Amino acid sequence: MPRPADIPPAPLRRALALTRAGMVAERAARAFWLPFSLALLAGTAAAFGLPAQLPPGAWPWVAAGVALVILITVVMGLRRFRLPSRAEAAQRLDRTLPGRPLAALADAQAIGAADRASVALWAAHRSRMQAAAARARPVAPDLRLAPQDPYALRLIALTAAMVALLFGAPQRMGELAGLSSPAGAAIGPSWEGWITPPAYTGRPGLYLNEITRESFEVPQGSRVIIRFYGPAETHEVTQGLDGAPQTDETGQSVQFAALQSGPLRITGPGGRSWDVAVLPDGAPQIATTGPMRRARGGVMEQPFRATDDHGITAGEAEITLDLSAVERRHGLSLPPEPREVLRLDLPLPVAGNRAEFDELLREDLSQHPWAHLPVQVVLRATDAAGQSGESGQLAATLPGRRFFEPAALAVAEIRRDLLWNADNAQRSAQLMRAMLHRSEGTFRAEAAPGILNEAIRAIEVRLDTGDWSPAARDEVAAKLWDLALLIEEGELANARERLRRIQDQLDEAMRNGATPEEIEELMDELREAMRDYMRMLAEQPRERGEQQAGEQMEITGSQIQELMERIQELMEEGRMDEAAELMARLNELLENLQITQGEGGEQMPGSEAMEGLGDTLGDQQSLADDTFRELQEQFNRDFRNQQEGRGDGERDGADDQTGNQTDDRTDDLAERQQALRERLREQQLQTLPGEGTPEGDAALDAIEEAQRAMDEAAEALRGGDARRALERQAEAMDSLREGMRQFNDAMRQDRSERAGGEDGQQEGQAGGQGRDPLGRQRGGDSARGEEQGSVVPGEDPRARARDLMDEIRRRSAERERPETERDYLNRLIERF
């Protein structure tokens, strides 16, 4: 190491001194971090009043123990601590310099001392080392203590000390002396107070020491907490808030509730007084906003409105049988069996304000014994404070499913009599035997007689054996309910049950993360069950004498198929939440599903022609795609010719052969185009929807425009002009779509006229205000529908889609674009 005489004083002395000081700090931190952390923790405990919580006389022993532990750790640190020498500091500094110049300056020339050249070389070497040493900078100490403190005790102690400085009472430190001397007095503020409102009010707490005004308001039920520091007998709390005060064992804290307005006074050093106004918390209010009504499927609906100061937390509807209003005859002539009051939880807003809201209680009570009987309804609401309010008593008839098939209605009434009183069992068995007398061909469901016989045997056998219990009665009632549904709907109930079972399996698969193979298998089963259900639903007659009001929805098989394919796509992509949302929408759609038929169930006029037009449109789209590929080939051939420097007249044999092949392809495309044009002309001669109506005339004009565009496209293909042919084909597809849309409007109008009266009005509302299965807005007329379906007001979305597709085709044909971009554009074209 260099000697003091060899070290330049100005550059290195300061660097060496700072490096050595850093080493002292580094070794001191490693030796004394533990006693320092323990001291901080002890000071934090004292700042938060831990000594005052200890039993009398225990504080000196605890303090002595803590001091002893800290002393032991200090001694252990002193044994580990060693001051760094100047040589150690120079060695650390030298390791940070290139070439170790300090070590080089300490060396002496071993050989060649008599050689002038060697001496000169040695002098030059020392000069360079001195220059390098002059650039030395102090080395920062390594104060990382993680290896010595793996549990971060030092950080815990520092955090606790900071909290104590910010929130701990300064006078606590002065109390330490008062623990051993009864004459000790508090230092600084001698009391603190807080008022904490109930959490459900959402109001902030109040710190009494900072309130300078003479009065303030707090919500009813707020908690008042006052804490004293020092001798408790020097202060006294008086209040008229009518809350029973609670004092802790030491007398240092007083708590009570603010239940009414009144004064609050703290007498003694630093005492204060206020007039506290307590804001009352009113009981919730709830009332019905309309009569109880029956929704589709017999679902009970009861609208209501609820209000409260700070929000409703729970509610229930209590339904009791109004026995005095029941028509007591037939099976109802016996006294009813005692039953518990029917209680239903009221729906509450999931998000938003619960202080005031309107909601709708919906519940399917079709299988309850009180269905179709008079009842009394009372609604109750409860707030967070435990207060409750109730509505007035509402008299109503409990809604339930209605049966129109006489046999189904009879079975449902027999079931009701059994549930009304078990003594009706013998009478019910006799009625079912009467239904079976000469019943050949009476029941729509072939299995109905067998089920009735089983129910009769179950009742009579158990009556004979004395085993006619409530459980046995409920089992027979469940079978009778299924039988009523079977008679009313035929095999449709089984098809619906199968469909729901598969939907439940799909829901389970969404929650548990099914494999793609399992998803595909379940979706195939769902499609098959959906086809059976739709077929059977179409075979069912309309409900006789019942017309449902409200929103209607038109649905086609292709729309249901589109919805199911979208569900499968989302599940395969792992987007289970979106798939579950679409599945719920499908379930809701099936609940409201109706099949619209013509007279006697025949197919609507023009339906077959519409299917043919759809096939023609699909074939025209395929032909346009092939024409676009041919246009790309022409661009590619022209581009190669330009690259090779040949003009239009400089074609070799290969080019001639390619040109002949191109002519053959365009001729084939022209023949296909002409065939499509002839097919469209034949379809125009068939029976089409809306003949003689404005919609039908507009559709025919659009079909004729499509034929003209097809003729021009075929002519362009024969002339080898693929670009012009593609433009005419796009016009033909646009005209075909417009014609089909006009035909659809005509069919919808025809159905409305066939339904007549109220049905037509409701269906018109559905067309104007409903949504399709994918949630898109639908319009009753073309102008309104286009405006609602467009993303940009006033712009037709179909026209926008066509413009986008034309732009994609144009860009993909530009050879100067990068290959990756053109590949992406071609994939878009193939997909859409």
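Asks: Give me the lowdown on the overall build of the protein, citing residues and values where you can.
Replies: Along the protein, the regular secondary structure elements total 24 helices and 18 strands. In the protein, the share of contacts with a sequence separation of at least 24, taken over all contacts with a separation of at least 6, comes to 70%. When the accessible surface of the protein is split by element, carbon and sulfur atoms take 51% of a total near 46,000 Å².

Asks: Describe the pairing of strand β1 (residues 191-196), and please don't skip the residues or the numbers.
Replies: Pairing geometry for β1 and strand β4 (residues 222-228), over six bridges, is antiparallel. Paired with Thr 196 across the bridge in β4 is Arg 223.

Asks: Describe the sheet that holds β4, listing the residues and the values that go with them.
Replies: Taken together, five strands build an open sheet; the order of strands is β2-β1-β4-β7-β6 and the sheet is antiparallel. Here the strands that pair on one side only, and so sit at the sheet edges, are β2 (206-207) and β6 (246-247). Inspection of the sheet shows β4 paired to strand β7 (residues 253-258) by six bridges, in the antiparallel sense. Residue pairing for β7: Ser 222 is matched across the bridge by Ala 258.

Asks: Account for helix α11 (residues 448-465), naming residues and giving values.
Replies: Its 18 residues place the ends of α11 26 Å apart at the C-alpha level, agreeing with the 26 Å of an ideal helix rising 1.5 Å per residue. Here α11 has its buried residues at Ala 448, Leu 452, Ala 455, Ile 456 and Ile 459. The arc that holds every buried residue of α11, seen down its axis, measures 100 degrees, which confines them to one face. Within α11, the exposed residues directed more than 90 degrees away from the buried face are Asp 464 and Thr 465. Once α11 ends, the next one or two residues include Gly 466, with phi positive near 70 degrees.

Asks: Explain helix α6 (residues 116-134) residue by residue, including any values.
Replies: The end-to-end C-alpha distance of α6, which contains 19 residues, comes to 27 Å, matching closely the 27 Å that a straight helix rising 1.5 Å per residue would cover. Where α6 begins, the side chain of Asp 115 points an oxygen toward the backbone nitrogen of Ala 117, at a separation of 3.3 Å.

Asks: Go over a negative patch on the surface, please, and point to the residues and values.
Replies: A surface patch of like charges, here negative, comprises Asp 663, Asp 664, Asp 667, Asp 668 and Glu 671. If you trace the backbone, Asp 664 turns up in helix α18 (residues 653-684). Among the residues examined, Asp 664 registers a relative accessible area of 52% and is labelled exposed.

Asks: Describe the nonpolar core, naming the residues involved and giving the relevant values.
Replies: By size, the foremost hydrophobic cluster in this structure holds 29 residues, and its most contacted members are Met 610, Leu 613, Leu 680, Ile 703, Met 710, Leu 736 and Phe 743. Contributing elements (two or more residues each) for this core: α17 (607-644), α18, α19 (694-718) and α20 (722-755). The leading source of residues in this core is α20, at nine residues. Apart from the residues within four sequence positions on either side, Leu 680 is in contact with Leu 613, Ile 703, Ala 706, Gln 707, Met 710 and Leu 736.

Asks: Can you tell me about the sheet that holds strand β9 (residues 272-279), naming the residues and giving the values?
Replies: The strand order β3-β9-β8-β5 describes an open sheet built from four strands, whose pairing is mixed. Either end of the sheet is taken by a strand with one partner, and the two such strands are β3 (215-219) and β5 (236-239). The sheet shows a mean angle of 25 degrees between the axes of neighbouring strands, direction not considered. As defined by bridge partners, strand β8 (residues 262-267) adjoins β9 across five bridges and the pair is classed as antiparallel.

Asks: Quick rundown of the packing of aromatic side chains? Include the residues and the values.
Replies: For any pair of aromatic rings, the description rests on two quantities: the centre-to-centre distance and the angle between the ring planes. Going through the model one piece at a time under the given rule, you end up with five aromatic pairs. Relative to Phe 81, the ring of Phe 32 lies with its centre 6.0 Å away and its plane at 45 degrees, an arrangement referred to as tilted. Placement of the pair is Phe 32 in helix α1 (residues 9-47) and Phe 81 in the loop between α3 (58-80) and α4 (86-95), with a sequence separation of 49 residues. With relative accessibility at 23%, the residue Phe 81 sits in the partly exposed group. With a centroid separation of 6.5 Å and an interplanar angle of 75 degrees, the aromatic rings of Trp 191 and Trp 274 are classed as edge-to-face.

Asks: Any details on a nonpolar patch on the surface? Residues and values, ideally.
Replies: A surface patch of nonpolar side chains, amounting to about 450 Å² of accessible area, comprises Leu 68, Leu 71, Ile 72, Val 75 and Met 76. Within the secondary structure layout, Ile 72 lies in helix α3.

What counts, and where the lines are drawn
Here the residue numbers are simple positions, counted from 1 along each chain's written sequence. Per-residue local features of the predicted model are confined to residues with pLDDT of at least 70, and side-chain atom pairs are confined, for both listing and counting, to 80 or more; whole-chain, interface and lining totals are unaffected and use all residues. To get the side-chain values, take all heavy atoms of the structure and skip hydrogens and water. Labels follow the DSSP assignment, with helices taken as runs of H or I lasting at least four residues and strands as runs of E lasting at least two, numbered in each case from the N terminus. Throughout, a residue-residue contact means that at least one pair of heavy atoms, one from each residue, lies within 4.5 Å. Here the Shrake-Rupley method, with its probe set to 1.4 Å, supplies the accessible areas, and only the displayed protein chains count as covering residues. We call two strands paired when DSSP finds no fewer than two bridges between them. Helix span is expected to be 1.5 Å times the residue number reduced by one. Burial classes: relative accessible area under 20% of the type maximum marks a residue as buried, over 50% as exposed, and values in between as partly exposed (1.4 Å probe, protein chains only). Each C-beta atom gives one direction from the helix axis, and the arc is the one those directions make. The term polar contact refers here to a pair of N or O atoms within 3.5 Å; inside protein, the definition further demands a hydrogen-donor-capable atom paired with an acceptor-capable atom, and it admits residues adjacent in sequence only when both atoms are side-chain atoms. Two joining distances apply to patches: 9 Å for like charges and 5 Å for nonpolar side chains (Val, Leu, Ile, Met, Phe, Trp, Tyr), and every residue must have over 30% relative accessible area and no salt bridge. One side-chain nitrogen of Lys or Arg within 4 Å of one carboxyl oxygen of Asp or Glu is enough to make a salt bridge. Under the counting rule used here, the positive set is Lys and Arg, the negative set is Asp and Glu, and His together with the chain ends is not counted. The atoms used to mark charge sites are NZ of Lys, CZ of Arg, CG of Asp and CD of Glu. Residues enter a nonpolar core if they are buried and are Ala, Val, Leu, Ile, Met, Phe, Trp, Tyr or Cys, with the set joined through side-chain atoms within 4.5 Å. For helices, the fitted axis covers only the stretch in contact; all axes are lines through C-alpha atoms, and the angles between them, taken along N-to-C directions, range from 0 to 180 degrees. The criterion for an aromatic pair is that two Phe, Tyr or Trp rings (for Trp, the six-membered ring) have centres within 6.5 Å, with stacked assigned to planes under 30 degrees apart, edge-to-face to planes over 60 apart and tilted to the rest.

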